[in-house]
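Residues per chain, in single letters:
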Amino acid sequence: MTALPDSLAEIVDDFAAVDGSDKLQLLLEFSRELAPLPAELEQDAMEPVPECQSPLFLSVDDSDPEHVRLHFSAPAEAPTTRGFASILHQGLDGHSTTTILGVPDDFYSALGLADAVSPLRLRGMSAMLARIKRHLRG
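Rules and cut-offs
- Residues numbered from 1 in each chain as written.
- Predicted model: local features only at pLDDT ≥ 70, side-chain atom pairs only at ≥ 80, totals over all residues.
- Heavy atoms only, no water.
- Helix = DSSP H or I, 4+ residues; strand = E, 2+ residues; numbered from the N terminus.
- Rg over C-alpha atoms; globule rule 2.2 N^0.38 Å.
- Buried < 20%, exposed > 50% of the residue type's maximum accessible area, 1.4 Å probe, protein only.
- Contact = heavy atoms within 4.5 Å.
- Areas by Shrake-Rupley, 256 points an atom, 1.4 Å probe, with all protein chains shown as cover.
- Lys, Arg positive; Asp, Glu negative; His and termini not counted.
- Charge placed at Lys NZ, Arg CZ, Asp CG, Glu CD.
- pLDDT = per-residue confidence, 0-100.
- Pairing = 2+ DSSP bridges.

1. Digging into the overall build of the protein chain
Link 1 in the chain: Counting secondary structure elements, the protein chain contains five helices and three strands.
Link 2 in the chain: Walking the protein chain from its N terminus toward its C terminus, one meets helices and strands in the order α-α-β-β-β-α-α-α.
Link 3 in the chain: In terms of C-alpha radius of gyration, the protein chain reaches 14 Å, essentially the compact-globule figure of 14 Å for 138 residues.
Link 4 in the chain: Its C-alpha atoms give the protein chain principal-axis dimensions of roughly 40 × 35 × 20 Å.
Link 5 in the chain: Here the protein chain holds 138 residues, and the buried ones make up 45% of them.
Link 6 in the chain: Of the contacts made within the protein chain by residues no fewer than 6 positions apart, 68% connect residues no fewer than 24 positions apart.
Link 7 in the chain: Of the roughly 7,000 Å² of accessible surface on the protein chain, 49% is carried by carbon and sulfur atoms.
Link 8 in the chain: Averaging the positions of the 10 positive and the 22 negative side-chain charges in the protein chain gives two centres separated by 7 Å.

Rendered as structure tokens:
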């Protein structure tokens, strides 16, 4: 696997250190940690990610390609989607365009969630990363 940025690699390591239902508990903890939107950013101005089972919106600010800012919005009643968004936010926010584009498209498989969540939900996480990369490739 291509090298992950340290912040994302730490998250992958955290998931690798737990088993079964503890992985879901960790995902739930991430869902509670999803950063709120900055006051100047409205959800209506964000890009929807329709591949997610729950409403998910993202914003990619690459005005400084060395420090890309990522923002996500998902309802509190969608903890899996919020958890995935929080993982991407905590793992990639503030990194360079080059670093984010270098993240393997299937890095989420290293989280070991395939037995804990549906393939459809995992595709939602894949779609989030794909949309971020598509935006960065312009």
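2. A word on the confidence of the model for the protein chain
Link 1 in the chain: In the predicted model, the protein chain carries a mean pLDDT of 94, and the fraction of residues at 70 or more is 99%.
Link 2 in the chain: The secondary-structure element of the protein chain with the lowest mean pLDDT is helix H5 (residues 119–137), recorded at 94, while strand E3 (residues 69–73) shows the highest, at 98.

3. A closer look at the pairing of strand E2 (residues 57–61)
Link 1 in the chain: E2 sits mainly inside the fold: four of its five residues count as buried.
Link 2 in the chain: In this structure, strand E1 (residues 47–48) lies alongside E2, joined through two bridges in antiparallel fashion. Bridge assignment links Glu-47 to a residue of E2, and that residue is Leu-58.
Link 3 in the chain: For E2 and E3, the ladder comprises five bridges, and the chain directions are antiparallel.

4. A few points about the environment of Ala-114
Link 1 in the chain: Here Ala-114 lies in the loop between helix H4 (97–101) and H5.
Link 2 in the chain: In the structure, Ala-114 is positioned 94 residues away from Gly-20 in sequence and 10 Å away in space, judged by C-alpha atoms.

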